[in-house]
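# Geometric and topological summary
What follows is each chain in one-letter form.
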Amino acid sequence: MSSATLTERVFNFSPGPAVLPLPVLEQAQRELVCLPGYGMSVLEMSHRAPGFLDILAAAKRLLRELLAIPDKYQIIFLQGGSRLQFSMVPMNLLRGQSGAAEYLVTGSWSKMALDEARREGKVNVAWDGKATNYDRLPKAGDLKIAADAPYAYICTNETIQGVQFAAEPDVGPLLNGTVPLVCDASSDFLHRPLPIARYGLVYACAQKNAGPAGVTVVIIRDDLVMRSQDSLPGYLNYSQHVKEDSLYNTPPTFAIYLMKLVLEWLKDEVGGLTRMHAINQQKARLLYDVIDESGGFYRGHAQPDCRSLMNVTFRLPSETLEKEFVKEGEDRDLDGLKGHRSVGGIRASIYNAMPSAGAQALANFMREFKQKKG
Ligand SMILES: *Cc1c(COP(=O)(O)O)cnc(C)c1O
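Presented here is a report on the structure given in the accompanying data block. Note that the structure is a prediction, hence the values are computed from the model and not measured.

## Details of the packing of aromatic side chains
Each aromatic ring pair is summarised here by two numbers: the centre-to-centre distance and the angle between the ring planes. Scanning the entire structure with this criterion turns up twelve aromatic pairs. Ring centres 6.2 Å apart and planes at 55° place the aromatic pair Phe 86 and Trp 109 in the tilted group. A residue pair is termed long-range when its members are at least 10 positions apart, and Phe 86 in helix α3 (residues 81–93) and Trp 109 in helix α4 (residues 108–120) qualify at 23 residues. With a centroid separation of 6.1 Å and 70° between ring planes, the pair formed by Tyr 298 and Phe 325 is classed as edge-to-face. Of this pair, Tyr 298 sits in the loop between α9 (273–292) and β11 (299–300) while Phe 325 sits in helix α10 (residues 319–331), and the two are 27 residues apart along the sequence. Across the pair, exposure class does not vary: Tyr 298 and Phe 325 are buried alike. Connected via pairs of aromatic rings, a cluster forms that spans Phe 297, Tyr 298, Phe 314, Phe 325, Phe 365 and Phe 369.

## Details of unusual backbone geometry
The step from Gly 16 to Pro 17 runs through a cis peptide bond, and the omega angle for that step is -10°. A positive phi is found at Ala 68, a non-glycine position, where the angle reads about 45°. Among the structural elements, Ala 68 can be located in the loop between α2 (50–67) and β2 (73–78). Accessibility expressed as a relative area gives 57% for Ala 68, which makes it exposed. Despite not being glycine, Asn 133 shows a phi value in the positive range, around 55°. If you trace the backbone, Asn 133 turns up in the loop between β4 (123–128) and β5 (152–155).

## Thoughts on the side chain of Thr 106
Relative to the helices and strands, Thr 106 is located in the loop between β3 (101–105) and α4. Among the polar contacts made by the side chain of Thr 106, one reaches the side chain of Glu 158 at a distance of 3.1 Å. In contact with Thr 106, not counting residues within four places along its chain, are Trp 127, Tyr 134, Leu 137, Pro 138, Cys 155, Glu 158, Val 163 and Phe 165.

## Remarks on the site of the ligand
Lining the immediate surroundings of the ligand are 14 residues, of which Arg 83, Thr 159, Asp 184, Gln 207 and Lys 208 lie closest. At 2.8 Å from an oxygen atom of the ligand is found a main-chain nitrogen or oxygen belonging to Arg 83. Residue Gln 207 places a side-chain N or O atom 2.9 Å away from an oxygen atom belonging to the ligand. Coverage of the ligand by the protein amounts to 88% of the 390 Å² it exposes when considered alone. The element contributing the most residues to the shell around the ligand is α3, with four residues.

The rules behind each value
- Residues numbered from 1 in each chain as written.
- Predicted model: local features only at pLDDT ≥ 70, side-chain atom pairs only at ≥ 80, totals over all residues.
- Heavy atoms only, no water.
- Phe/Tyr/Trp six-rings, centres within 6.5 Å; stacked < 30°, edge-to-face > 60°.
- Helix = DSSP H or I, 4+ residues; strand = E, 2+ residues; numbered from the N terminus.
- Buried < 20%, exposed > 50% of the residue type's maximum accessible area, 1.4 Å probe, protein only.
- Polar contact = N/O pair within 3.5 Å; in protein donor to acceptor, adjacent residues only side chain to side chain.
- Contact = heavy atoms within 4.5 Å.
- Near = heavy atom within 4 Å.
- Areas by Shrake-Rupley, 256 points an atom, 1.4 Å probe, with all protein chains shown as cover.

What follows is the structure, given as structure tokens:
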């Protein structure tokens, strides 16, 4: 590989797997052949060897610190991606319960989670944004959550539609803690401080905002760990993974190692999640400002008060122009801007690791493109 690799890096707006912090990649490169102090690559190390146990402990400690996770929550690292959590959540939290789980359907991912939960038990759709093509989120008054629901489920950031909860839904049974709130935070995990105490369970696959593909983090409150029934297959049982501290079987060691590096980057280089949130707000504003100032040339998919800081979705006046936009973007090293096939248009994913310069370069390109074609 030539030393030109670095200067050839594009701004990567892919929705996931997605951009990683450059210092993280560089450190992984330096340490790949020999993890300092351990005499071998992390790729070659037993998951029960001290070298990996140190990495696992550090990853948990950093997560606890960055998110201020209270003691009564457990952290586990699983495989199977977020898709497996669509099933594991109802298998562990719904099986054997009497009420129906409440699902807030705010976009493609929560819809898929609902469909999986239906396979497992009783569910209720507490809200569905389909009528407006998932361009908005429920207001507090729109939601009725049964007080005996085993849990209520949300997706904090709908990666495909680009709508995001800026705060936890303020609904009685969720607020007073009678109904545990379960959340798919796959595409906005660690983008801001999250009040973990408002949740019963938070999960996120790493490959959007927290690391590479292959590992999914689950943060779960002790009383919910107790719900898992013994009849569940071993791997699908949360309490099994908690008991074995994520070493029930071989965990995705390299993915956990890389996630640990991302967590160190967040803590030491970014300066924590409050700072990360401020940077994310600035980056998103650069793009939404261009949309809002474009006189309708760019049309945002999400209603302004539901806009995602992570996935900026918008349309252009025609599909031809959208194709040209993607192509010209690529020519300028702005990669991965094509929208999801179900929504169309453009999607710029600007996760934590997207440098401000990347968002700025895209904003400049959008202005020029509009001037030329608008
Ligand atoms: C990507 C994504 C998923 C699916 O993740 P996999 O790891 O591919 O299973 C689920 N939910 C959200 C919000 C996502 O962005």
